[in-house]
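Fold and contact review
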Amino acid sequence: MVFALILSVAWSQDYAFPTSADDYAHYYPTAYKDHAGVDWNCGSIRYAGHQGSDFGAGSFYGMDAGRDVTAAAEGTVVTTHDGEFDRCTTGDCAGGYGFGNYVKIAHDDGRITLYGHLKQWSLLVGVGDRVSCGQKLGEMGSSGYSTGPHVHFEVRNSSEVAEDPFDGPCSAPPTYWIDQGPYDDLPGNVCGEPPVCEPEATLGCGDVVVGRNDDAGSTTATWQYGCDEFVYTGPERSFTVVTGIDEPVTVSLTGLDADLDLMALASSACDGSDCILSSSNPDASDEQLTYDGLAGVETTVVVDGWEGAVSPFVLAVDCAGGGDDTGGVAPTPTGSDTGPTGDTGLATTPTDPTAPGPTGDDDDDDDTDELPDGERPDVATQQLAPAPSAGCGCATGGDAGAWLLGLAALGLGRRRWP
Amino acid sequence: MWWFPLMVACGSPSPDVVAREGGGGAREGQELARVEAAERVAWVEREAAGSALYVVDHRGLAVVRTRDGAPDRVALSADGEQLAWVASADGLPAVFTAPYADGAPVQLTNRSVRRPKGQPPVGFVPPPVREGGLSFEGDELVWEAEGQPWRVRWSSP
């Protein structure tokens with residue numbers, strides 16, 4: 001059973017939003033799949049019995065201008081139906097089981113996608129055609145059971161049972177999108193592999209990074225990390241953490257003035273498949289997670305903004321076992337370092353490992369390092385430096401590497417699911 | 001006699017739908033069309049991977065006429081002896097007819113339409129837009145589409 005699950009995940013094809021790059025900006029979601037009264041995000045953008053996801057693109061003006069509908073993934077066309085009236089506004093025009101003019105594609109992983117309510121005579125494919133992701137199938141219309149121009153995108157399993165491609169608190173994972181995007185907005189329409197986190201530095205025990213999640217080096221490539229049902233939007237920053245021995249590793253995120261969250265991933269795949277654990281406290285609360293680090297095994301730690309939140313942060317890696325610090329590689333400097341109150345983020349060298357400093361004190365004798373209350377590490381220099389390598393520093397805190405990045409916080413509110 | 005409650009088309013906007021474009025397809029088990037004549041009832045029901053045209057007479061015997069081509073828009077002649085419906089033929093909607101009792105369906109429209117992809121086909125006869133738009137008048141089937149009436153003889157002369 002586990003093998004079958006792994007196999008199905010391995011063979012699954014993810015989807016790009018089904019329109020061309022030129023028309024992508026015109027589209028917007030109008031109704032998601034109905035989950036007994038709510039949509040995938042437990043919201044109300046749905047209607048009773050709706051089995052697919054509807055996306056509009058400027059009503060009849062947009063339809064007349066021509067809004068592309070493209071294949072969400074590679075596959076083979078198994079059904080087409082064209083020739084039905086395409087300016088329906090009453091929701092009761094006949095044809096194609098209510099989908100009006102439509103195309104159905106069977107994908108290699110066994111799933112099926114359906115593109116409904118298309119414009120009459122816009123279909124460019126026929127049964128048996130092999131289509132690639134992004135290939136134009138036709139144009140948005142208002143045929144069939146439609147109240148206005150839109151595309152009805154529906155995913156079905158091999159038994160023709162509709163599934164929701166979106167993953168959220170009211171829809172079981174995984175997502176079928178390459179990049180799901182935020183709620184009430186569009187999934188990404190770029191075909192290809194799911195985004196990966198891009199770790200910008202390797203951290204070891206005792207290392208500290210001070211910066212902002214929208215500093216240079218941040219990405220917005222990821223949206224979901226698999227540990228929980230929350231949907232993250234970025235901007236995020238990713239780091240690789242390695243320990244020298246098998247030992248518990250505690251990663252803490254403090255100094256926040258907006259809602260950032262913390263995730264530990266077993267790989268740099270940010271598609272939700274490799275999450276170890278996460279910390280997602282509301283608002284500007286501190287985040288902390290502890291996992292069992294294995295000697296020499298890389299873990300990706302991600303600092304993510306909740307629904308676009310950006311904030312300064314202090315990220316600290318502490319190891320309970322007192323093992324060797326394998327050392328980290330300082331983030332690459334990308335601009336001037338103006339210190340804790342500066343305007344651009346920048347990596348700096350570690351602090352002097354022999355000097356008592358603000359980055360390595362074990363205030364509470366718990367064998368972990370803390371920053372002094374109310375303080376942030378000093379900015380060192382703008383130069384890249386090798387990572388600290390002497391000892392974990394868990395007890396003394398003396399070798400903690402402090403990288404300071406510039407700040408200024410823009411706090412955004414947070415919404416948590418009930 | 002069986003009696004089936006009419007179902008609301010699932011694409012119709014429900015009260016909690018914001019005024020945005022929407023609409024889907026029929027759900028499995030949903031009745032797509034229904035017509036009665038001479039104590040016979042014909043209806044089309046959505047199935048898992050298609051739809052099927054059923055007919056039932058006063059004996060209560062349901063007969064599946066066709067599952068081919070997603071039948072809908074069904075009509076019965078006044079005497080209940082002749083059926084007509086719209087189904088997809090080679091990806092185009094076409095009008096079919098068949099006797100109730102027996103006989104293979106006959107495609108009445110769009111049999112040899114030339115269809116360049118992405119362009120209106122030459123000689124295409126549009127189907128009725130809505131359920132109930134197709135009806136028998138003597139030996140002809142009549143409907144309106146694209147703003148004009150269409151008449152097709154269904155019986156052999």
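Numbering of residues starts from 1 in each chain and follows the order in which that chain's sequence is written. Numbering of ligands from 1 and lettering of chains from A proceed in the order in which they are written. Reporting in this predicted model follows two pLDDT cut-offs: at least 70 for local features of residues, and 80 or more for side-chain atom pairs to be given and counted; totals over whole chains, interfaces and linings ignore these cut-offs and use all residues. By convention in this description, side-chain values take in all heavy atoms of the structure and omit both hydrogens and water.

Time to look at the interface of chain A and chain B. Each partner contributes to the interface: chain A provides 49 residues, whereas chain B provides 42 residues. Taken together, both faces of the contact between chain A and chain B bury some 3,300 Å²; the carbon and sulfur share is 50%. Ranking the residues of chain A by area buried against chain B places Tyr97, Trp121 and Tyr145 of chain A at the top, with a combined share of 26%. A side-chain nitrogen of Lys or Arg and a carboxyl oxygen of Asp or Glu constitute a salt bridge if their distance falls within 4 Å. Connecting chain A to chain B are two salt bridges. Its salt-bridge partner being Arg73 of chain B, residue Glu84 of chain A comes within 2.7 Å of it at the nearest N-O pair. Any two residues whose heavy atoms approach within 4.5 Å at even a single point are treated as in contact. For any pair of parts, buried area is found by adding up, for both, the accessible area (1.4 Å probe) each one loses once the two are put together.

All names here are of chain B. DSSP calls a pair of strands paired once it identifies at least 2 bridges connecting them. Strands are runs of DSSP state E lasting at least two residues, helices are runs of H or I lasting at least four, and both sets are numbered from the N terminus onward. Read from one edge of the open sheet, four strands run E5-E6-E7-E8, paired in antiparallel fashion. Strands with a single pairing partner mark the edges of an open sheet, and in this sheet they are strand E5 (72-76) and strand E8 (106-107). Note that E5 and strand E6 (residues 82-89) share three bridges and pair antiparallel. Residue pairing across strands places Ala75 opposite Ala84, the latter belonging to E6.

Two aromatic rings, drawn from Phe, Tyr or Trp (for Trp, its six-membered ring), form a pair once their centres lie within 6.5 Å of each other, and the interplanar angle then sorts them: stacked below 30 degrees, edge-to-face above 60, tilted otherwise. A full pass over the atoms with the stated rule returns 20 aromatic pairs over all chains. With a centroid separation of 5.1 Å and an interplanar angle of 10 degrees, the aromatic rings of Trp40 of chain A and Phe166 of chain A are classed as stacked. Placement of the pair is Trp40 of chain A in the loop between strand E1 (28-31) and strand E2 (53-56) and Phe166 of chain A in the loop between strand E10 (162-163) and strand E11 (202-203), with a sequence separation of 126 residues. In terms of burial, Trp40 of chain A and Phe166 of chain A fall into one category: buried. Taken together, the aromatic side chains of Tyr15, Tyr32, Trp40, Tyr115, Phe153, Phe166, Tyr176, Trp177 and Tyr183 of chain A make up a single cluster linked through ring pairs. Above the plane of the ring of Tyr176 of chain A lies Arg111 of chain A, whose end atom (NZ or CZ) is 3.6 Å from the centre. A ring has a charge above it when a Lys NZ or an Arg CZ is no more than 6 Å from the ring centre and no more than 35 degrees off the ring normal. When the ring centre of Tyr97 of chain A is taken as origin, the NZ or CZ atom of Arg46 of chain B, which lies over that ring, is 4.0 Å away. Burial here depends on accessible area, computed with a 1.4 Å probe over protein chains only, as a share of the maximum for the residue type. Under 20% is buried, over 50% is exposed, and the range in between is partly exposed.

Attention now moves to the pairing of strand E12 (residues 208-212) of chain A. Regular strands place side chains that alternate from one sheet face to the opposite one. All names here are of chain A. Among the five residues in E12, five count as buried, and that is most of the element. Where burial is concerned, the two faces of E12 agree: the one with Val208, Val210 and Arg212 and the one with Val209 and Gly211 are both buried. Both E12 and strand E19 (residues 312-319) contribute to a ladder of five bridges, which runs antiparallel. Pairing of Val209 across the sheet is with Leu315, part of E19.

Moving on: the pattern of salt bridges. Residues and elements named next belong to chain A. Counted by the stated rule, this structure contains 24 salt bridges over all chains. Arg156 is the salt-bridge partner of Glu160, the closest N and O atoms lying 2.7 Å from each other. Neither Glu160 nor Arg156 differs from the other in exposure class; each is buried. In this structure, the salt-bridge partner of Glu200 is Arg237, at a minimum N-O distance of 2.5 Å. With Glu200 in the loop between E10 and E11 and Arg237 in strand E13 (residues 236-241), the pair connects residues that are 37 residues apart, well separated along the chain. Residue Glu200 shares its accessibility class with Arg237, and that shared class is buried. Among the ionic contacts, a cluster of salt bridges with common partners joins Asp68, Lys119, Lys136 and Glu139.

So, about the confidence of the model for chain A. All names here are of chain A. Per residue, pLDDT captures the predictor's confidence, and it can take any value from 0 to 100. For chain A, per-residue confidence averages 75 on the pLDDT scale, and residues scoring 70 or more make up 69% of the total. Between the elements of chain A, mean pLDDT differs from a low of 33, seen in strand E20 (residues 402-404), to a high of 98, seen in strand E3 (residues 68-70). In this model residues 1-10 is a low-confidence stretch, pLDDT under 50, and it forms zero contacts with partners more than four residues away in sequence or in other chains. In the model, residues 323-418 has pLDDT below 50 throughout and makes 253 contacts with residues more than four positions away in sequence or in other chains.

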